[in-house]
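Architecture and fold: a report
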Amino acid sequence: MDKNRSGIRIMDVIMAVLGIVFLLGIIFLFGPCGPKEDGSYMTCHWAGNAETGIASVLLILSLMQVFIKNKDIKTGISLSMIPVSLLGLFIPGRLINLCMMHDMACHLKMHPAVTVCTILFAVMSIINIVLLRRGEKK
Amino acid sequence: MKINGKDLSRTYYRRSEGSNIFTAVKDVNIELSPGELLEITGRSGSGKSTVLNMLAGLLTPSSGTVLYDDLDIYGLEDKERSAFRNEHTGVIPQGQTALSSITVLENVLLPARLYNREASEDDAMELLSFVGIEGLKDVYPDQLSGGEMRRLSIARALINRPSVLLADEPTGDLDDENTKVVLSLLRNTADKGTAVLLVTHEEDAREYADRVLKMNGGILKEY
Amino acid sequence: MNFIKSLSFKNLKRKPGRTIALVLLSAFLAFSVFGGSVVVLSLRNGLKSYEARLGADIVVIPNQARSKGTLDSILLQGIPGYFYMDNAYYEKIKEREGVDIASPQFFLASASSGCCSVPVQIIGFDPETDFSIQPWIQESYKDTISDNDIVVGSNITIPVNKKLTFYDLECDVVSKLSPTGTGLDNAVYANMDTIKQMMQNASDLGFDYFEGTSPDSAVSAVMIKVEDGYSIEDVNNDINIHVRRVTSTPARSMISGIAGGLEGVSGTITVIVVLVWILGIIILIVAFAMISNERTKEFAILRTMGASRKMLSGLLKWESFLIGLAGSVAGVLLASLVIFPFAGIIRNKLDLPYLLPGIGTIILLALGAVIISVGAGLIASRISSSRTVKNETGLILREGA
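Attention here is on the structure that accompanies the text. (Residues numbered from 1 in each chain as written. Chains lettered and ligands numbered in written order. Predicted model: local features only at pLDDT ≥ 70, side-chain atom pairs only at ≥ 80, totals over all residues. Heavy atoms only, no water.)

A few points about the sheet that holds strand β10 (residues 221–226) of chain C
Residues and elements named next belong to chain C. Here is the rule: Think of it this way: DSSP has to see at least two bridges between two strands before they count as a pair. A run of H or I in DSSP becomes a helix once it reaches four residues, and a run of E becomes a strand once it reaches two; helices and strands are each numbered from the N terminus. The convention used is that axes are lines fitted to C-alpha atoms, helices contributing only their stretch in contact, and that angles between N-to-C directions extend from 0 to 180 degrees.
Taken together, the nine strands give an open sheet; going across it, the order is β6-β7-β5-β8-β4-β3-β10-β1-β11, and neighbouring strands pair in mixed fashion. Single-partner strands in this sheet number two, and they are β6 (163–166) and β11 (246–250). Recorded for the sheet is a direction-independent mean angle of 30° between the axes of neighbouring strands. Alignment of β6 against strand β7 (residues 169–176), held across four bridges, turns out to be antiparallel. From the neighbouring strand, T165 faces β7, where its bridge partner is E170.

Have a look at this one:
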């Protein structure tokens, strides 16, 4: 195989799995608070929507990384995942407010889970870039 | 540097139907001089490797002494003996003897790096050329053939310019061509002034040796 | 020795599967000890904090509040609640012998409807007699709490100088309190006049909280400091006997109940961590022994080149040090990803006061976890490899042929 191409790498698969966990998690496990009695939504609902979008993008990027063989393109994809992950990290509580009380679901479950997923994505992207470029150097 | 093995014996304890004491080497006297290629031949299990290992300082004799010039190497502590071996003795052990986690070049430099000796990469490359595998310097040992591995062992044993080279079955499982190459290299090394001991059951080795001794049942005799 | 260090790193790099397995094991050990110690310490901190926030020697509440466990729900879980007795009881209690200071407190739960910004616990205090809430407020706000000023607990996300409305009374948020790890972090604090106004407004709005008692003369709890020379039990019993329809409890028995729960949880965590470690160290010793055994030929080759036994020990030591260091740092980082972001859920599930230690303590715990994990690896490696290093090289070469 051409030195600038690679098959399916373990790291790519791990990141894709993380993307699936993040997206399914935000939808089913650690989403924001539900609607109020009158059917209206609290501010954290919109943070949850934004995180669903971020998780979808990260999953699509990681799947592209699995199936695209060109190492330079893989590197570019990993690079792009870093700012996307950081955006996901700063949405809850900073860019979009969460509920006022810290014992609500958005604080207890969504915020910490999003923090962990986005930090893991950012760190794994950096490691992936180092691994891809090290193969290049040799 | 001259090596003198005086009244060397080595016994082992093992469970057997007869006696529990097995004498691998009995009262061996041996001298190895600079510029000489001395061959010890004999069947498998005759005790030749045991003699080599005792001369190398790697196997404590049950009795007898090993003198390098006038120095009794078994009178030294392990640390001093090891440092002495590193400086003065090159050993080519039996079998596949490279470290798999470092490249060919790094393997050759290993004895020098252990004690921070002066050998440079150029010195290592010179030795790799001498043994004919300079193109494989960045390869890992698991990608080498048997012959290439042996040549690596020879280069590694010579990096510290030892006064003594001890080779244990260096042509073990090699084909004829590689056997000739290895024996020529050893002859070449002896011609440069190194004292070379070759332990082998290879019949072709005789034409490269200055003297041949035979080991039989732990006893060493002229061939 | 630098060469030995670089050789040990190369050895690990060249056998990634083996290295990763050992690193993961070391990570697991560090994860368990760091995670376990942070949780146990957080429980102890929470209990200390709970004790400090109660502040009183004796707590007196109406009988129905005791039977429903409302006070515990408020203090521990932060579930908004309310209960009232007439002021006359307060007057009786403060006259009892041995009572040094008796300070009334007022609990009100804000509603989920339009008259209130957010459903929270509101706690009022009498500035003239209070001895537990004001000192705590003083830690973050030096001025007096004026009428219509409120101070919010650490679990309420609202900036200072914003306004919140409770029962149509608009209040200024003047400060945020430091965390306690208890349900009190979910509460809002106001002076007596402010909360009395809220209570009156609530009654006027039709909220039937007061069960016949006039909001103006309703008191929720009385916090008591016992006079020097009097025993807390005696004063407590005296109140229970002579003041009807109230329950008086020494604060320390409220705490000891929780302390019992805490000891149970801490004990379980400690046992689990110890078991993990025993198993982990056994596995490490076996793993290192198998690896050493596999490498007898490699060590013999090094010996032929003049490597001393000390150098071989050094090589193994560096390998286990690098494995231990990488593993323990990874373990501490992974544990941090669990116990810090998810502290809220952990506290909810444990249902006990839970206050994370300060950053200095956390760093010390992390360092401690790294040191003992690395140490365990070094000891395991030393135990399992000592025989291999001491082998007579000539025998290995002979056998290995």
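Concerning the interface of chain B and chain C
Put simply, the rule is: Should any heavy atoms of two residues lie within 4.5 Å, those residues are considered in contact. Buried area, as used here, totals the accessible surface that two parts lose on assembly, with accessibility defined by a 1.4 Å probe and the loss added over both. The working definition used for a salt bridge is a side-chain nitrogen of Lys or Arg within 4 Å of a carboxyl oxygen of Asp or Glu. Polar contact is the term for a pair of N or O atoms within 3.5 Å; when the atoms are in protein, one must be able to donate a hydrogen and the other to accept it, and sequence-neighboring residues count only if both atoms are side-chain atoms. Under this grouping Gly is polar, as are all residues other than the nonpolar Ala, Val, Leu, Ile, Met, Phe, Trp, Tyr, Cys and Pro and the charged Asp, Glu, Lys and Arg.
With 34 residues of chain B at the contact, the number on the chain C side is 26 residues. Buried surface at the junction of chain B and chain C, both sides included, amounts to about 2600 Å², of which 61% is carbon and sulfur. Of all residues in chain B, B:L58, B:L99 and B:L114 give up the largest surface area on contact with chain C, accounting jointly for 22% of the area buried on that side. Where chain B touches chain C, the interface holds four salt bridges. Linking B:D142 and C:R14 is a salt bridge whose minimum nitrogen-to-oxygen distance equals 3.4 Å. Applying the counting rule to chain B against chain C returns 10 residue pairs in polar contact (both at pLDDT 80 or more). Secondary structure elements with two or more residues in the side of chain B that touches chain C: β1 (3–13), α1 (48–56), α2 (78–88) and α3 (104–114) of chain B. Split by residue class, the side of chain B that touches chain C holds 15 nonpolar, 11 polar and eight charged.

Let's talk about the pairing of strand β8 (residues 195–199) of chain B
Successive residues of a regular strand alternate their side chains across the two faces of the sheet. Residues and elements named next belong to chain B. Under the convention used in this document: Buried means the residue's accessible area, taken with a 1.4 Å probe over protein chains only, is under 20% of the maximum for its type, while exposed means over 50%, and partly exposed covers the values in between. The handedness rule is simple: strands pointing away from the viewer, and a clockwise path from the first strand over the helix to the second, make the crossover right-handed.
Summarising burial for β8: five of the five residues are buried, a large majority. Sheet analysis places strand β3 (residues 37–41) next to β8, joined by four bridges and oriented parallel. In the sheet register, L38 faces β8, and the bridge partner there is L197. As for the winding sense of the linkage, the β-α-β connection from strand β7 (residues 164–168) through helix α6 (residues 176–191) to β8 is right-handed.

Here's the deal with the environment of C:M254
All names here are of chain C. Tracing the backbone through its elements, the reader meets M254 in helix α9 (residues 251–294). Through-space distance from the C-alpha of M254 to that of E51 is 9.1 Å; in sequence the pair is 203 residues apart. With residues up to four places along the chain from it excluded, the contact list for M254 reads Y50, L54, V59, L71, D72, L75 and T249.

Some details on the pattern of salt bridges
In total, this model carries 24 salt bridges over all chains according to the counting rule given. The salt bridge partner of B:D138 is B:K137, with a shortest N-O separation of 3.2 Å. Overall, the relative accessible area of 51% leaves B:D138 in the exposed class. For the salt bridge of C:R295 with C:E319, the shortest nitrogen-to-oxygen distance reads 2.5 Å. Taken together, the positions of C:R295 in the loop between α9 and α10 (296–304) and C:E319 in helix α11 (residues 309–339) put the pair 24 residues apart, joining distant regions of the chain.

Examining the arrangement of the chains
Ranking the two pairs of chains in contact by contact count places chains B and C at the top. Without any contact between them, chain A and chain B keep their closest C-alpha atoms 11 Å apart.

Observations concerning the state of the cysteines
Residue and element names in this part refer to chain A. Here is the rule we go by: Cysteine sulfur atoms that come within 2.5 Å of each other are treated as a disulfide pair.
If you walk through the whole model with that rule in mind, you get zero disulfides over all chains. Here C117 is not disulfide-linked; the sulfur of C106 is the nearest cysteine sulfur, at 17 Å. Taking the relative accessible area as the measure of exposure, C117 reaches 6% and is therefore buried.

Observations regarding the side chain of C:S8
All names here are of chain C. Following the sequence through the fold, S8 ends up in helix α1 (residues 2–14). Taking the relative accessible area as the measure of exposure, S8 reaches 0% and is therefore buried. Filtering out sequence-adjacent residues up to four positions away, S8 remains in contact with L315, W318, E319 and L322.

With respect to the packing of α3(B) against helix α4 (residues 121–131) of chain B
All names here are of chain B. Using the following cut-off: Between 65 and 115 degrees an angle is taken as roughly perpendicular, under 35 as roughly parallel, over 145 as roughly antiparallel, and anywhere else as oblique.
Two elements in contact, α3 and α4, have axes separated by 10 Å at closest approach and are oriented at 110°. Considering the angle they form, α3 stands roughly perpendicular to α4. Contacts between α3 and α4 pair V104, L105, V108 and L109 from the former with E121, A124, M125 and L128 from the latter. Class assignment for the residues of the contact of α3 with α4 results in seven nonpolar, no polar and one charged.

With respect to the side chain of C:S328
Within the secondary structure layout, C:S328 lies in helix α11. When sequence neighbours within four positions are dropped, the list of residues in contact with C:S328 reads C:S26, C:A27, C:A30, C:A369, C:V370, C:S373 and C:V374.

A word on the packing of helix α2 (residues 43–67) of chain A against helix α3 (residues 71–90) of chain A
All names here are of chain A. Definition in use: Note: crossing handedness is left-handed where the near helix turns anticlockwise from the far helix by less than a right angle, and right-handed where it turns clockwise.
Packing of α2 against α3 leaves a shortest axis separation of 10 Å and a crossing angle of 165°. When the axes of α2 and α3 are compared, the pair comes out roughly antiparallel. Crossing of α2 over α3 shows left-handed handedness. Mapping the contact onto sequence places E51, I54, V57, L58, L61, S62, M64, Q65 and V66 in α2 and K74, I77, S78, S80, M81, V84, S85, L87 and G88 in α3. Looking at the contact of α2 with α3 residue by residue, the class counts come to 10 nonpolar, six polar and two charged.

Here's the deal with helix α5 (residues 146–158) of chain B
Residue and element names in this part refer to chain B. Spelled out, the test is: Here, expected helix span is obtained from the residue count minus one, scaled by 1.5 Å.
Taking 1.5 Å as the rise per residue, α5 with 13 residues should run 18 Å; its terminal C-alpha atoms sit 19 Å apart, in good agreement. In terms of burial, α5 is a largely internal element, 11 of the 13 residues being buried. Along α5, the residues that are buried comprise G147, M149, R150, R151, L152, S153, I154, A155, R156, A157 and L158.

Notes on the pairing of strand β6 (residues 89–92) of chain B
Residue and element names in this part refer to chain B. Judged by which residues are buried, β6 turns out to be covered on both faces: T89 and V91 on one side and G90 and I92 on the other are all buried. In terms of strand pairing, β6 meets β7 through four bridges, oriented parallel. Residue pairing in the sheet places V91 in a bridge with L166 of β7.

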